[in-house]
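Residue strings, one per chain:
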Amino acid sequence: MSVGDVATSNDLKHLLSLRDLDHDEWEKLLHHAQLLAGPRGREPLLAGRRFGQIFLNPSLRTRTAFEVACWDLGAHAVYLQPGTGLWELEYRKDVSMTGAAAEHVQEAIGVLGRMLDGIGMRSFAEMEDAAEDAEDPVLSAVAAASSVPVLNLESAMDHPHQGLADALTLRRHLGDARRPARKVKVVVRWAPHVKPLPMAVPHAAVLAFARDGHEVVLAHPSGCGLDGGVLSRAVELAGEAGGSIEVMHDKDAAMDGAKVVYAKSWGPRYLYGKQDAACAFLSDHLDWMVTADDMARTDDGAFMHCLPVRRGLVVEDAVLDSSRSLVLEQGSARLDVQKATLCRAMGVEP
Ligand code: CP
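All of the points below concern the structure found in this document. This one's a predicted model, so the numbers in the text were calculated from it and none came from an experiment.

Examining the sheet that holds strand S7 (residues 185–190)
With parallel pairing, the 5 strands of this open sheet are ordered in space as S9-S8-S7-S10-S11. Only two strands of the sheet have a single neighbouring strand rather than two, namely strand S9 (244–248) and strand S11 (302–304). On average, each strand axis in the sheet is tilted by 20 degrees relative to the strand beside it, whichever way the strands run. Relative to strand S8 (residues 215–219), S7 runs parallel, the two being bridged by 5 bridges. Paired with valine 188 across the bridge in S8 is leucine 218. Each of S7, S8, S9, strand S10 (260–264) and S11 is contacted by helix H8 (residues 200–211), which is oriented at about 155 degrees to S10, the strand it contacts most.

Here it is in structure tokens:
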């Protein structure tokens, strides 16, 4: 069962992928996020509710934003870290559990669902088998086993809270948080790294900016294409919103006239499971780091990145430290957005 199947299989207000949200839900979440950025976001709207966050990978922003959001709204947040703070979990079905995992998500999520009103799950891509990652196996298993809403805190394929926060940040930057005030050229630009990273964030960025009808240019070296299913959905969403998606491999030409440069590194899919070759690919493309000279080609463009970011590798300090950088605004928008998704999950109208 994939996330798409789970998302449509019951009435729980899961938030598993930006692909699943309809237009009204997208607008409502952004509207509520903006509302909850004000005094309403410090009222006990979720008094007595409990939210569990399961992290298989590290986090600064996502975890902190949910803990603070719960505190501000009167709910209680529980942090769960399989393998150290709790039993390592198995998510596959029909396996003999002879490995490190002592508990199956079927029982773990079953029990947590009886104690909590919502569950958040972070599970990055394994990057060994692209077809397996495309099914978002861990998130799908958790959502299928859950009797309460599940929120995706970044999975193999998507990072919906980041996409929502990025859309809200850009709307605010362009002057109107209530709607995409203008349709602008947004370049989602591949960047180098020390190791191949998953595609959840670029997927979310392309889906989010497509939803808001921008002219999205996806710029990456040849061989670094995103998931075909995600791209098809983004093209569909862009069409509905009056926007477009274009793929370019010329990083310089891509910058011309851009109002936003959204940098992110990810690994080439054809090198999944081949760590040394993937690292060699990254080393061969160090010139994709975003520099002040690159930004000079844009139309007074803003710089965006989801964070954490490696200075002097993904982007030059001069860009991050300039007034064009929106990275802190993106980080703080996570709190507003996550208050909105908590309210949605728990059936509370802010
Ligand atoms: N951007 C983001 O999700 O940050 P964290 O990994 O720190 O949560």
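Brief notes about the layout of surface pockets
Put simply, the largest pocket is a space of about 810 Å³. In terms of lining residues, the largest pocket is bounded by 40 residues, among which Phe124, Glu154, Lys195, Leu197 and Pro198 are the most central. Residue assignment for the lining of the largest pocket shows that the elements contributing at least two residues are helix H3 (61–73), H8 and helix H11 (275–284). Considered class by class, the residues forming the lining of the largest pocket number 20 nonpolar, 10 polar and 10 charged. Along its surface, the second largest pocket is lined by 17 residues, and Leu56, Leu89, Tyr91, Glu126 and Val138 are the ones closest to its centre. Residues of the lining of the second largest pocket, tallied by class, amount to 10 nonpolar, 3 polar and 4 charged.

Quick look at the pairing of strand S2 (residues 76–80)
Note that strand S1 (residues 50–55) and S2 share 5 bridges and pair parallel. Directly across from phenylalanine 51, in S2, lies its bridge partner alanine 77. Remark: the S1/H3/S2 crossover connection has right-handed handedness.

With respect to the site of the ligand
Taken together, the residues surrounding the ligand are Ser59, Leu60, Arg61, Thr62, Arg122, His159, Gln162, Cys306, Leu307 and Arg334. One nitrogen or oxygen atom from the side chain of serine 59 is found 2.6 Å from an oxygen atom belonging to the ligand. The backbone of cysteine 306 places a nitrogen or oxygen atom 3.1 Å from a nitrogen atom of the ligand. Summarising the interface, the protein chains cover 94% of the accessible area of the ligand, which totals 260 Å² for the free molecule. One can see that the ligand is located within the largest pocket. A class-by-class count of the residues in the shell around the ligand yields 3 nonpolar, 4 polar and 3 charged. Three or more residues apiece are contributed to the shell around the ligand by two domains, here domain 1 (3–158 + 334–345) and domain 2 (162–331).

Reading the values: the criteria
Residues numbered from 1 in each chain as written. Predicted model: local features only at pLDDT ≥ 70, side-chain atom pairs only at ≥ 80, totals over all residues. Heavy atoms only, no water. Pairing = 2+ DSSP bridges. Helix = DSSP H or I, 4+ residues; strand = E, 2+ residues; numbered from the N terminus. Axes fitted to C-alpha atoms, helices over the stretch in contact; angles between N-to-C directions. Contact = heavy atoms within 4.5 Å. 1 Å grid on protein atoms, 1.4 Å probe; cavity = no way out; pocket = protein on both sides within 12 Å on 5 of 7 lines; lining within 4 Å. Points joined across faces, edges and corners; volume = space filled by probe spheres on them. Nonpolar A, V, L, I, M, F, W, Y, C, P; charged D, E, K, R; others polar. Right-handed = clockwise from strand over helix to strand, strands pointing away. Near = heavy atom within 4 Å. Polar contact = N/O pair within 3.5 Å; in protein donor to acceptor, adjacent residues only side chain to side chain. Areas by Shrake-Rupley, 256 points an atom, 1.4 Å probe, with all protein chains shown as cover. Sits in = over half its atoms within 2 Å of the grid points. Domains from an automatic or database assignment.

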